[in-house]
Every structure is written in structure tokens, then in C-alpha cells.
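# Tertiary structure, described
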Amino acid sequence: MVGYVKEEKKYVKRLKMVVSNIWYIIALVAICTAVIMMIVNWPKTLNALGKAFSVFMPFIIGFLFAYLMIPVIRLFQRLFDHIAKGKGKKLKKVFALLVSYILVLGAITAIIIFVAPQIAQSVRELIKTVQNGYSYIKSNPDSFLDFIPGVKTVDIMESLKNNINDIAVHASSKVFPYIYSIFSSTFVLAYDIFFGLVISIYMAWEKDTLARGLHRIVHALVPEKHAEKTWKTILNCNRIFNGFLLGKVIDSLIIRLITFIAMTVFGFPYPVLLSVIVCITNMIPYFGPIIGAIPGCAIYLFIDPMLVLWFALLILAIQQFDGWVLGPWILGDQTGIKPLTVILGITVGGAYFGVLGMFLGVPTVAVLQYLGGELIRSRYKKKGIPDPKDRMIEDKEKPKKEKA
């Protein structure tokens, strides 16, 4: 009888525990159901995510810009605190925000004003070069087609004459919608950037409030014994992500300058245009400069095939310098991930979120790797087993300590 009462109490206790956590169970079931439905209807899910991404693009741009601006604002806040100690904290915050945005936006505007005309001139020269090449091919078709054995010039010219109207109609039907798409996309991008900058100012101003709110949410949702550790993990993730983005921006600007100087010294055409392309693509780790070299090689193919080889060698040398010297010096070990993981981040991010996904894929994978490492370390600690990675680090540091 006593045993029966104990069993009954045990079942009642379990039932109370289930009832007390019923909302968590319902939420878990709802989340699992939603995930399954999203996977089953994957094309519709991707379409909905794309629409949501475009709707929230100003907020995404604003968050990213504020995220990059906050370290600059903090730098000026510390400077103003050092200059004028004491009261006026809110006023110093206002001045730090204004000075940071004026300097950064002013620098971006100055670069655009300086670089844009040179890029436009390079594009005009490039169009002229392509037109000259086309005129040469048109006036000397035999010499061009000598490179293609088994092709008769007469047949090609006759075919072009007979189908010129159809080709023109087909080309115009493709070109005009494409031009309209470019103009509409440019307008939407300008709209997103403008409102993104406005939103970023509000986010940068409320950064402390947002951080306190996130800290409260963590303590409210996570058990108290794990809350502070969870908060420290979030701060470390922020350090990895923010450090990588800021470091990569600085690294890309330096690479752009080096590429421009090298191209100018060695007499490569279009140094401004191609160095800007290399600067933008250099935000993609490891493979960015190589991707940026492809447009340059394609352009130089119209001018002089030998320039393609020399330009490829120049970009390879710059890429090696960036990978072995400049990148480690600026970034240190912000990500700590291997090239294979970098390829994974670039591929997945680019497939689902385009160019922005390629930029953000690597720091995102770095954060996920850090979280996975922390989870594994906590499991080792719970089992009372030393983490092999910690032992490897200790073995590496022993010779340094012995030398010291």
C-alpha cells in the first residue's frame, strides 16, 4: 500500500510538472510544426523570405550601418570624456554621434565625388575600345574568323543579313525591360539606403537602451545560473562579428589603395575602375581579389591578351600579400575558421542572400563555429573530461613559456 501511494505521488508530481510547462510544450510543438511546413513548402518559403527580406531591407541596412558606426561613436565618446571630464554626458554623446556620422558620410561622399568621374571616364574609354574592336571585326571578318577553323565567312555574313531584323527585335525586347529593371532597382536601392541611414541614427543613439533591453530579455528567458554566461557568449559573438566586419572594411580599403598604386606604376589601363572592383570583392575572404580580377581580365582581353596574364599575376601577388601579411595583421584571429568553412559560408550565404550573403556568410559561420565549440566544451566540462583542444593549446604555449 505504501509503495502504491509513493508511485501515485510520483505520477502526480510528473503531471504537475507537465501542466506547469504546458505553454513551453505547446510553443515547441508549434515551432516544430512551422519548421516542417516550411520545409515541405520550400519554394513558397523562399519566396516569402525574399519578400520579407526586401521589405525589411532599410532596417537591415540601418542595423549594419549602426553596427559599424557604434565603435567609431564610442571612440569619440571616450575622446570627449577625456577632454571634458565631469558633467554633460548626454551632450558629449550628441557630439560624438554627430562628429562620427559627419566624418564617415563626408569621407564616403568625398570618395564618391573623386572616384565616380574617373570610373565614368574609364567606362567611356572601355565602351570606345569595345566599339573599335567591333568595327575592326566588322571590317575585317576574314582575319577574325581565321582563328576559328571550319567556319565560312560568307555563310555567316549571309545569315546575319537575312536575320538582322529578327535579331534587332529580339535584342530590343530583352534590352528595354533590362534597362527598366536597372532604373527601378536603383530607385529602390536609393530609397533603402536613405531610410537605412535614418534608422541607423536612431539605433546608434539608442544603443545602450537596446543593449539593456537585450540583457533583460536574456535574464528573463534563461535560468539565472546560466543567464550571465549566456550574456557573455552573446558579447563574444558580437566581438567576433563586429571585429571581422570592421577589420575587413579597413583591409579592403588598403588593398584598393595598393591595387591602384601598383596598376598606375605598371601602366595598366583603368586603374580606378578595376581597383574599386577589387576593393568591393575583397570583402569576400580568400577568394575576393580573384573574383575581382575576372572583370579586369575580361576587359584586357579586348585590349591586349598579354595584359590579362600580367594583371592576373599582379592580383595573385596582392592576394598573397593580403592573405599572409595584411589580413593577419589587421584581423588577427577574429574568425579562426579554415578555408573549407569559408567556402561553405560564401556558398550558402551567396546562394540564399546574394552578394550581401557572401559578405556576411563568413562571420556568421565563425559565430556558429564559436557557439559549437562552447557547446562541446561545456559537455566535456559536465562529464569531467579535459577538452582535447585546451590540451593542444597548452602544448603549443609550453615552448613559448620555456623560451621566455
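Each remark here, short or long, concerns the structure printed above.
Residues numbered from 1 in each chain as written. Predicted model: local features only at pLDDT ≥ 70, side-chain atom pairs only at ≥ 80, totals over all residues. Heavy atoms only, no water.

## Examining the nonpolar core
- Within the largest apolar cluster, 19 residues are counted, with the highest numbers of intra-cluster contacts made by Met263, Phe268, Tyr270, Leu274, Tyr300, Phe311 and Leu314.
- Mapped onto this core, the elements with two or more residues apiece are helix H9 (224-265), helix H10 (271-281), helix H11 (288-303) and helix H12 (305-331).
- The greatest single-element share of this core, amounting to seven residues, is contributed by H12.
- When neighbours within four sequence positions are excluded, Phe268 is seen to be in contact with Met263, Tyr300, Leu307, Trp310, Phe311 and Leu314.
- With 17 residues, the next largest nonpolar core counts Tyr67, Met283, Leu360 and Tyr370 among its residues. (Core = buried A, V, L, I, M, F, W, Y, C linked by side-chain atoms within 4.5 Å. Buried < 20%, exposed > 50% of the residue type's maximum accessible area, 1.4 Å probe, protein only. Helix = DSSP H or I, 4+ residues; strand = E, 2+ residues; numbered from the N terminus. Contact = heavy atoms within 4.5 Å.)

## Remarks on unusual backbone geometry
- Non-glycine residue Tyr270 carries a positive phi angle of around 55°.
- Counting through the fold element by element, Tyr270 comes out in the loop between H9 and H10.
- With relative accessibility at 7%, the residue Tyr270 sits in the buried group.

## Some details on the pattern of salt bridges
- In total, this model carries three salt bridges according to the counting rule given.
- Among the salt bridges present, the one from Lys248 reaches Asp251, with a minimum N-O distance of 3.5 Å. Taken together, the residues Lys248 and Asp251, both in helix H9 and three residues apart, mark about one turn of the helix. Neither residue differs from the other here; Lys248 and Asp251 are each classed as buried.
- Glu374 serves as the salt-bridge partner of Arg377, at 2.8 Å between the closest nitrogen and oxygen. Highlighted residues: Arg377 and Glu374, both in helix H13 (residues 339-383), separated by three residues, approximately one helical turn.
- Residue Arg377 is classed as partly exposed on the basis of its relative accessible area, which comes to 27%. (Salt bridge = Lys/Arg side-chain N within 4 Å of Asp/Glu carboxyl O.)

## Focus: the packing of helix H3 (residues 42-55) against helix H4 (residues 57-83)
- One can describe the packing of H3 onto H4 by two numbers: an axis separation of 4 Å at closest approach and a directional angle of 60°. Comparing their axes, H4 and H3 come out oblique. Here Phe53, Ser54 and Val55 of H3 lie close against H4, whose contacting residues are Met57, Pro58 and Ile60.
- For the contact of H3 with H4, a count of residues per class yields five nonpolar, one polar and no charged. (Axes fitted to C-alpha atoms, helices over the stretch in contact; angles between N-to-C directions. Parallel < 35°, antiparallel > 145°, perpendicular 65-115°, else oblique. Nonpolar A, V, L, I, M, F, W, Y, C, P; charged D, E, K, R; others polar.)

## Observations regarding a nonpolar patch on the surface
- On the surface, Trp42, Leu46, Leu49, Leu344, Val348, Tyr352 and Phe353 cluster together into a nonpolar patch covering about 670 Å² of accessible area.
- Elements represented by at least two residues in the nonpolar patch include exactly H3 and H13.
- The element that contributes the greatest number of residues to the nonpolar patch is H13, accounting for four residues.
- Along the chain, Leu49 turns up in helix H3. (Patch = residues over 30% accessible without salt bridge, like charges linked within 9 Å, V, L, I, M, F, W, Y side chains within 5 Å. Areas by Shrake-Rupley, 256 points an atom, 1.4 Å probe, with all protein chains shown as cover.)

## So, H9
- Relative to the 62 Å expected for 42 residues at 1.5 Å per residue, H9 spans 62 Å between its end C-alpha atoms, a close match to the ideal helical length.
- In the stretch just after H9, Gly267 is the one whose phi turns positive, near 75°. (Expected span 1.5 Å × (residues − 1).)

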